[in-house]
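One letter stands for each residue in the lines below.
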Amino acid sequence: MNNTVQYDIASIRDDFPILQRKIFGKPLVYLDNAASTQRPVQVINAIKDLYEGHYANVHRGVHTLSQESTNLYNEARAKVRSFIHASCVHEVVFTRGTTESINLVAQCYARPRLRPGDEILITHMEHHSNIVPWQMVCEQTGAILKVVPISDKGELEMERFHELLGEKTKLVSVVQVSNALGTVNPVKEIIAAAHAFGVPVLVDGAQAVPHIPIDVQKLDADFYAFSGHKIYGPTGVGVLYGKEKLLSEMPPYQGGGDMILSVSFEKTTYNQLPYKFEAGTPNIAGVIGLGAAIDYVQKVGLGIIAAHEHGLLEYATARLRDIDGLRIIGEANQKAGLISFVLDCVHPHDIGTMLDGEGVAVRAGHHCAQPVMERYGVPATARASFAMYNTFGEIDVLAEAIKKTIQMFK
Ligand code: 7TS
């Protein structure tokens, strides 16, 4: 908690207008950040400024507005590059989000390479968006999906990972931070082991980038995917990082404007990276908003944000463990700021509704991770997930609201 002393939470909260909202007359306690975070005025204003002062389509016109928009768009790509420490800007592809980034790799990297009997290795704690694209590509190619199991605590069974990884493995795709359990996976170790077999690794960083400083080069990740809306940026924009060598060997994902150098009915040549993967008018405002979100996170400091959230996690874990009849799902040694839980006597959806009545927003459901629910024998969980603007006082409100819920349902 010492780290939080220098942490100016009041001024951070002032930057997020929505935190002033009242829900049923009570102050909003927003603990659904793993689904989507809220946006600071800096992001909202970046989008507003664009539309009010600089907007035009990018990469097209010689006119002033088009050049200004293009410059802002390019600056955002440079911000992402430096944020994740990619070696160059053309390794940063803008997509609609993590889901599209993973589908792009499944269709453009995996599909052309896979032969019947080849294997894709994922884990039991993946979000559906890191399961279904691989099932689809397996159906298309005759490849087989292998799954690393998880322990009762919610950690990957690394021995099984090493056994499952082998000559037949053609790609490993693994989540860095589980959205359903909070587990932080040892992705560096996973990548090193896969590389020993010459196998590339995709890291699903959707829940990692808001909480953990990322250096794709130090990780030696081959592909890294994340979404803007989970890191205080806009919806509808995300990133696929890929090593230049791999991206340049891949065919385009979609055809259209911007991804070509020249088109004729006889022969079309594709544009260079990253434009080859960005067909059509991109999400210009989304990309520029994402750049502003990264600026904001870097101004506050990801290290200090992580320390604050870790304090919240420890405090909330202790408070929730104290509640009779509450079971935490996911007690890995390495966790990022979220807690999934169930109550003996209350269905998670009722927990969600009851907490909403107290102003507390949590997600109730399977969190798009049904295999995780099945693994722990629950239909759903309630999940409180933390962000840089959450306070210890809000954890108290959460704990009291849960106790009140239990009383009501007893
Ligand atoms: N991977 C992980 C680990 C996620 O948590 C999510 C979204 C995705 C991928 C997909 O991201 P998208 O931006 O493309 O939708 N997770 C959640 C969640 O936990 N609650 O709502 C969305």
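Residues numbered from 1 in each chain as written. Predicted model: local features only at pLDDT ≥ 70, side-chain atom pairs only at ≥ 80, totals over all residues. Heavy atoms only, no water.

Enquirer: What's the story with the nonpolar core in this structure? I'm lost.
Expert: Note that soluble globular proteins tend to have their nonpolar side chains buried in a common cluster. In terms of nonpolar packing, the biggest core is built from 80 residues, with Tyr 224 and Met 388 touching the most fellow members. The biggest single contributor to this core is helix H10 (residues 284-300), with 11 residues. Excluding anything up to four places from it in sequence, Tyr 224 contacts Gln 176, Val 203, Gly 205, Ala 208, Val 209, Ile 214, Val 216, Leu 219, Val 239, Leu 240 and Tyr 241. Residues Leu 326, Ile 339, Val 362 and Ile 395 belong to the second largest nonpolar core, which totals 27 residues. (Core = buried A, V, L, I, M, F, W, Y, C linked by side-chain atoms within 4.5 Å. Buried < 20%, exposed > 50% of the residue type's maximum accessible area, 1.4 Å probe, protein only. Helix = DSSP H or I, 4+ residues; strand = E, 2+ residues; numbered from the N terminus. Contact = heavy atoms within 4.5 Å.)

Enquirer: What should I look at first to understand the pattern of salt bridges in this one?
Expert: Oppositely charged side chains can pair when the atoms bearing their charge come close. Enumeration according to the criterion identifies 20 salt bridges in this entry. The shortest N-O distance in the salt bridge between Lys 170 and Asp 118 comes to 3.8 Å. Remark: Asp 118 occurs in the loop between helix H4 (98-113) and strand E5 (119-123) and Lys 170 occurs in strand E7 (residues 169-175); sequence separation between them is 52 residues. Here Lys 170 falls in the partly exposed class, since its relative accessible area comes to 32%. The partner of Lys 243 in a salt bridge is Asp 222, and the shortest N-O contact between them spans 3.1 Å. Within this pair, whereas Lys 243 is found in the loop between strand E10 (238-242) and helix H9 (244-249), its partner Asp 222 is found in the loop between helix H8 (216-219) and strand E9 (223-227), the two being separated by 21 residues in sequence. (Salt bridge = Lys/Arg side-chain N within 4 Å of Asp/Glu carboxyl O.)

Enquirer: Can you help me understand the side chain of Arg 319 in this one?
Expert: Summarising the element assignment, Arg 319 is placed in helix H11 (residues 302-321). Polar contacts involving the side chain of Arg 319 include one to the side chain of Asp 396, which spans 2.8 Å. If near-sequence neighbours (up to four positions away) are discounted, Arg 319 is found in contact with Asp 396, Ala 399, Glu 400 and Lys 403. (Polar contact = N/O pair within 3.5 Å; in protein donor to acceptor, adjacent residues only side chain to side chain.)

Enquirer: Please clarify how the packing of aromatic side chains should be interpreted in this entry.
Expert: Each aromatic ring pair is described using two quantities: the centre-to-centre distance and the angle formed by the ring planes. This structure, assessed with the given rule, holds 8 aromatic pairs. Taken together, a centroid distance of 5.8 Å and an interplanar angle of 65° make the contact between Phe 16 and Tyr 232 edge-to-face. Linking Phe 16 in the loop between helix H1 (9-14) and strand E1 (22-23) with Tyr 232 in the loop between E9 and E10, this pair joins segments that are 216 residues apart in sequence. The exposure classification of Phe 16 matches that of Tyr 232, with both residues buried. A ring pair is formed by Phe 16 and Tyr 296, whose centres lie 5.7 Å apart and whose planes are at 80°; its orientation type is edge-to-face. Of this pair, Phe 16 sits in the loop between H1 and E1 while Tyr 296 sits in helix H10, and the two are 280 residues apart along the sequence. What makes Phe 16 buried here is its relative accessible area of 0%. Given the relative accessible area of 2%, Tyr 296 is considered buried. (Phe/Tyr/Trp six-rings, centres within 6.5 Å; stacked < 30°, edge-to-face > 60°.)

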